[in-house]
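# Observations on the model geometry
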Amino acid sequence: MPDELDKTVGDDRDDAERREATRRPFIGIHFKCCGVYARVYRSATQPYYLGRCPRCLRPVRVRVGAGGTSARFFEAE
């Protein structure tokens, strides 16, 4: 019986390549209503970032479009 197990499952990519393949676009939102920060992820089917305040569940929707901003962090009032 071997002392070491082979942990290869058939994925030749390294950890960095796997993380990059599964990354979802997000923006950071500071929810002023509750004073908390959260990541808001882009919808897979719509041209929006959709999310909610993690405390009071207030919804937020940020549209993606031409002529927009390159900023990644916002405040929701």
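Only a predicted model underlies this, so the values are computations on that prediction, with no experimental measurement involved.

## Looking at unusual backbone geometry
In the Ramachandran plot, Leu 57 falls in the positive-phi region, its phi being about 65° despite a non-glycine side chain. Looking at the secondary structure, you find Leu 57 in the loop between strand S3 (48-52) and strand S4 (59-63).

## Remarks on the sheet that holds S4
Taken in spatial order, the five strands make up an open sheet running S4-S3-S2-S1-S5, and their pairing is mixed. Each edge of the sheet is formed by a strand with only one pairing partner; in this case those strands are S4 and strand S5 (73-76). Across the sheet, the mean angle from the axis of one strand to that of its neighbour is 30°, orientation sign disregarded. Looking at chain direction, strand S1 (residues 26-31) and S5 are connected through four bridges and run parallel.

## Brief notes about the layout of surface pockets
A volume near 210 Å³ is recorded for the largest pocket. For the lining of the largest pocket, the per-class residue count stands at seven nonpolar, four polar and two charged.

Definitions and limits used
- Residues numbered from 1 in each chain as written.
- Predicted model: local features only at pLDDT ≥ 70, side-chain atom pairs only at ≥ 80, totals over all residues.
- Heavy atoms only, no water.
- Helix = DSSP H or I, 4+ residues; strand = E, 2+ residues; numbered from the N terminus.
- Pairing = 2+ DSSP bridges.
- Axes fitted to C-alpha atoms, helices over the stretch in contact; angles between N-to-C directions.
- 1 Å grid on protein atoms, 1.4 Å probe; cavity = no way out; pocket = protein on both sides within 12 Å on 5 of 7 lines; lining within 4 Å.
- Points joined across faces, edges and corners; volume = space filled by probe spheres on them.
- Nonpolar A, V, L, I, M, F, W, Y, C, P; charged D, E, K, R; others polar.

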